[in-house]
Amino acid sequence: MERIRSNDQMAMAEVFDRYGGLVYSVALRVLKEPDQAEDVMQDIFFQLWKGTGSYREGRGSLGAWLAVVARNRAIDSLRRKKPTDSVEDVVLPAKTDLASESERNLMIEKVRVVMKGLTPEQQSLVELAFFEGMSHSEIAAKTGDALGTVKTRIRTALMTLRKGVQG
Amino acid sequence: MTQGSHFGSHIPGEDLTLHALQALTAEESAAVQAHVAECELCRAELAAATGDLALVALSAEQQPLPTGARDRFLVRIAEDAKQEEAQPRIAKVIPINRASVGRVSVWAPRVAVAALLIIAAGLSVEIMHLDMRLRRETAVLRSLAEKNAKAQAVVEALTAPSAQRVLLTSIKTPPSPSGRAVYLPSTGALVFQGNNLASLPADKTYELWVIPANGSAPIPAGLFRPDATGNASVVLPDLPKGVPAKAFGVTVEKASGSDTPTAPILLAGAAPAAGE
């Protein structure tokens, strides 16, 4: 990041090579439209280049931060909403270096296994809340469940994922 | 949002998760952010909840980047770096609310950006040229103003009633070499004209001295060498203001001049009281 701050284009290219696929994949999963997903990805990396994002070194993994920002920006784009990043610290439940391709692949594999282990109801909730950007009120309206129940279930699903990855 | 229901005075985990998901209203999010800014426990819990979301993000099927995406990005930052170098004080990135703009086509925004970049590059060159021209003209004006001020000071020194006018002649006879000094103590303006001065070897020079009326050390008032006809002048040497002169003198010194006059004094003249 120090090199990027001093306008080192090679350093920025390295970060793009390392995380470009991850950011694009998350944006594409939300938006389902390659051009829009690329726009989101280009903007995220350009903001990182300009130093205008809220990422702070030493406050969590850059890869994890980018993954969450990619999702948030894609949802903003989906809702035609002004980007509103409030992502600051991102602490992964397992000590994983997402900068390392092999560790990242291992983590991805682990996450997929744990996700498949969630109940269909939990998987659906995660899908609606994370990838479709639905609020808990919208989910409650869709499923007919009480608001509090939806909130608790989303939390429970994510805690299950966290514990599964930690274990 | 159910503040305090699970964590005492802290934000409930469910609400922190919803905040991380950006599912809260603006007001609720603001309340969470305000609390988190002050509460280390909730900040850590929010970071962990955001970490959970990063895990969910990792579950997205990995897709290859679109063809040319990397090149497009590298070109973008290269152009940005170029602009930064060309206009470090002018170039400023203005975040564009892309989400609020309807997507007309895939290429239209990129063509527009390319056109804007070309226009911006052209404008930056034009600005550089105008800036250089402005600097040149400012320098000419400054030089003219300095010359004008100097000319006015000469006229003032020569015409002021309070100027001390002194005729300097050779101490030895015949007094063929001579000098005439016109001095305005209040401004330190001095004009000296020497005549019939002998030529000097290359390692020597004439030096003019102001002998202050208060008895302090002689003040060097300029180096000069006569022309082929023996004439020389010293115009507005760098002198302190407000030093009335008792006398003026001319000595021969080494080519670089001296801080104190070296005997003998070739030309000397006592100054009358100002305005006499």
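Residues numbered from 1 in each chain as written. Chains lettered and ligands numbered in written order. Predicted model: local features only at pLDDT ≥ 70, side-chain atom pairs only at ≥ 80, totals over all residues. Heavy atoms only, no water.

Asks: Describe in detail the overall build of chain B, supporting the description with residues and values.
Replies: On a plain count of helices and strands, chain B comes out with 5 helices and 8 strands. For chain B, the α and β elements follow one another from N to C terminus as α-α-α-α-α-β-β-β-β-β-β-β-β. Taking all contacts inside chain B whose residues are at least 6 apart in sequence as the whole, residues at least 24 apart take part in 56%. (Helix = DSSP H or I, 4+ residues; strand = E, 2+ residues; numbered from the N terminus. Contact = heavy atoms within 4.5 Å.)

Asks: Break down the state of the cysteines for me, citing the residues and quoting the values.
Replies: Residues and elements named next belong to chain B. Under the definition given, this model contains 0 disulfides over all chains. No disulfide involves C39; its nearest neighbouring cysteine sulfur is the one of C42, lying 3.7 Å away. When its relative accessible area of 2% is taken as the criterion, C42 is described as buried. (Disulfide = S-S within 2.5 Å. Buried < 20%, exposed > 50% of the residue type's maximum accessible area, 1.4 Å probe, protein only.)

Asks: A description of the environment of D8 of chain A should follow, citing residues and the corresponding values.
Replies: Residue and element names in this part refer to chain A. Along the chain, the position of D8 falls in the loop between helix 1 (2-5) and helix 2 (9-31). Residues in contact with D8, not counting those within four places in the same chain, are R3 and W49. Separated by 2.9 Å, the side chain of D8 and the backbone nitrogen of M10 make a polar contact. Engagement of the side chain of D8 in a polar contact is seen with the backbone nitrogen of A11, the distance being 3.1 Å. (Polar contact = N/O pair within 3.5 Å; in protein donor to acceptor, adjacent residues only side chain to side chain.)

Asks: Please give an account of the packing of helix 8 (residues 147-166) of chain A against helix 3 (residues 40-58) of chain B that cites residues and values.
Replies: In a pair of packed helices, the angle between the axes and the distance between the axes together describe the arrangement. Relative to each other, helix 8 of chain A and helix 3 of chain B sit at 80 degrees, their axes nearing to 10 Å. With respect to helix 3 of chain B, the axis of helix 8 of chain A lies roughly perpendicular. Facing R155, L158, M159, L161, R162 and V165 of chain A of helix 8 of chain A, the residues of helix 3 of chain B in contact are E45, A48, A49, D52, L53, L55 and V56 of chain B. Classifying every residue of the contact of helix 8 of chain A with helix 3 of chain B by side-chain character gives 9 nonpolar, no polar and 4 charged. (Axes fitted to C-alpha atoms, helices over the stretch in contact; angles between N-to-C directions. Parallel < 35°, antiparallel > 145°, perpendicular 65-115°, else oblique. Nonpolar A, V, L, I, M, F, W, Y, C, P; charged D, E, K, R; others polar.)

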